[in-house]
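Each chain is listed here by its residues.
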Amino acid sequence: MSTNHDVRKEHVVLATHSNLRYPESLTLDWGNKDPMKRGPVVASQTNPKARNAIGTHSGSYTVYRALSIASGKFSPAHRPDLHNTHSPVKIGPFPSWFDETKIVSLDPWGLDPQNHFKGHFEKGYDIRPSIAVTQAHLQIPEIHDAIRAGRLKPDGKIIKENMDIKITKVAIEPVWFLPGMAKRLNVEEGVLRRILFTESGGMYPELITRPDLKVWLPPIGSTTVYIFGNPEDLSNPNIELSCRVHDECNGSDVFGSDICTCRPYLMYGIEHAAETAQKGGVGIIAYYRKEGRALGEVTKFLVYNARKRQEGGDSAATYFKRTECVAGVEDARFQEFMPDVLHLFGITKIHNLHSMSNMKYNAIVGSGIEVVNRISIPAELIPADANVEMEAKKAAGYFTEGEVKKGEDLQKVKGREIT
Ligand SMILES: [Zn+2]
């Protein structure tokens, strides 16, 4: 027979309700210029009464944390010791942080909250960082090739004598301000909350029961930013800025799979970012965990097979159609939220944008950032099997300085078959 104590531990609160708002829960005023009036996002689990957000930290890793706790290896009462964890460089605050429409999918004040919300920490609030900044050296074969070919030269600063590139990297967890998300998608907040609730299998009842809680930390992948040169220069429109906004493609980025241009385009962006920094400018690579156009890798591989087995073989003319047949949608990346990461760094002008995607370009320009030059991937960097994707995208209106194939010429662009 269980004791009272055990019963209490097993008692599960399915959802809190708006009429049971705890006095410990701090008010959040998204976009307020004064961090103390804006308030910290409290999504830790150590004191449920102090929470003012739905969901919890670490994105998709929430589930792994639960496994560690279930296995008895991790105490749910653990609170991080944030001593010495702060950013080595100063980032913000920028005017973009004070506009509740500019940044809606991350929490700029989640960077070093121990500095912004010192008083709350002293009162015992368990506020967790949702952004972290550190430094690293990159050792990349393509960059070594570029140095050997004479396109880049070590300068001892940006590129070390041993060919390492010195960078600053920033990890950003998703923190969604739901009214702002809804506004950008042009839907009612209530409708968005209901669909998020049902499509996650009812995972977050507070999306429905707590309309007073406006912030949700969704269980999705994070974003990583690599900065070449001085991070403080990113917000200065007079300093040349080269930028690649890249959506994760594990098969190409890490394993060198040749059906797409992801790794070559990423490496070209890194080379140019380093080169720009060496000239006194600054480079930024933003890497979003949106695998397979945010449809996931299983869907992506199914599409590859459907493309390669269709009558007439893998063809640029039917590239987007095959994705839609399998996935139900051509693309689920919602570039509308991508520029938030650029606004975190106060970026107002990009001199060289490494992207051919019209969706990315329109989202960036639509968010108020000026783009001077658009840089497409050089033809010699495109793997043979990736020409299907490249020609299909150009035919669909992606940016290019080269020719755009149509009709029969487009049909003739073929990829490898399944053997
Ligand atoms: Zn790819």
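With an unreviewed UniProt entry as reference, the chain is termed GTP cyclohydrolase II, source organism Peredibacter starrii.

Q: Account for the coordination of the zinc ion, naming residues and giving values.
A: Reference values for angles at a metal are 109.5 degrees in the four-donor tetrahedral case and 90 or 180 degrees in the six-donor octahedral case. The zinc ion binds to the protein through C249 (SG), C260 (SG) and C262 (SG); the donor distances cover 2.2 Å. The class of C249 is buried, set by a relative accessible area of 4%. Exposure remark for C262: the relative accessible area of 17% places this residue in the buried category.

Q: Describe empty space enclosed by the protein, and please don't skip the residues or the numbers.
A: Taken as a whole and judged by the stated rule, the model has three cavities of 30 Å³ or more. Of the pockets and cavities examined, the largest cavity occupies roughly 490 Å³. Looking at the lining of the largest cavity, the elements with two or more residues in it are strand 7 (241–247), helix 11 (262–278), helix 12 (291–294), helix 13 (297–309), helix 14 (319–327) and helix 17 (387–395). Looking at the lining of the largest cavity, the element that brings in the most residues is helix 13, giving five residues. Looking at the lining of the largest cavity residue by residue, the classes come out as twelve nonpolar, eight polar and twelve charged.

Q: Pulling in residues and values, what's your account of the layout of surface pockets?
A: Put simply, the largest pocket is a space of about 1,600 Å³. The wall of the largest pocket is formed by 49 residues, among which S44, Q45, T46, P48 and R51 lie closest to the centre. Elements with a minimum of two residues in the lining of the largest pocket: helix 1 (4–10), strand 1 (54–55) and helix 3 (62–70). By residue number, the principal contributor to the lining of the largest pocket is helix 3, which donates six residues. Its residues assigned to classes, the lining of the largest pocket shows 24 nonpolar, 15 polar and ten charged.

Cut-offs applied
- Residues numbered from 1 in each chain as written.
- Predicted model: local features only at pLDDT ≥ 70, side-chain atom pairs only at ≥ 80, totals over all residues.
- Heavy atoms only, no water.
- Donors = N, O, S within 2.8 Å, 3.2 Å for Na, K, Ca; no water.
- Buried < 20%, exposed > 50% of the residue type's maximum accessible area, 1.4 Å probe, protein only.
- 1 Å grid on protein atoms, 1.4 Å probe; cavity = no way out; pocket = protein on both sides within 12 Å on 5 of 7 lines; lining within 4 Å.
- Points joined across faces, edges and corners; volume = space filled by probe spheres on them.
- Helix = DSSP H or I, 4+ residues; strand = E, 2+ residues; numbered from the N terminus.
- Nonpolar A, V, L, I, M, F, W, Y, C, P; charged D, E, K, R; others polar.

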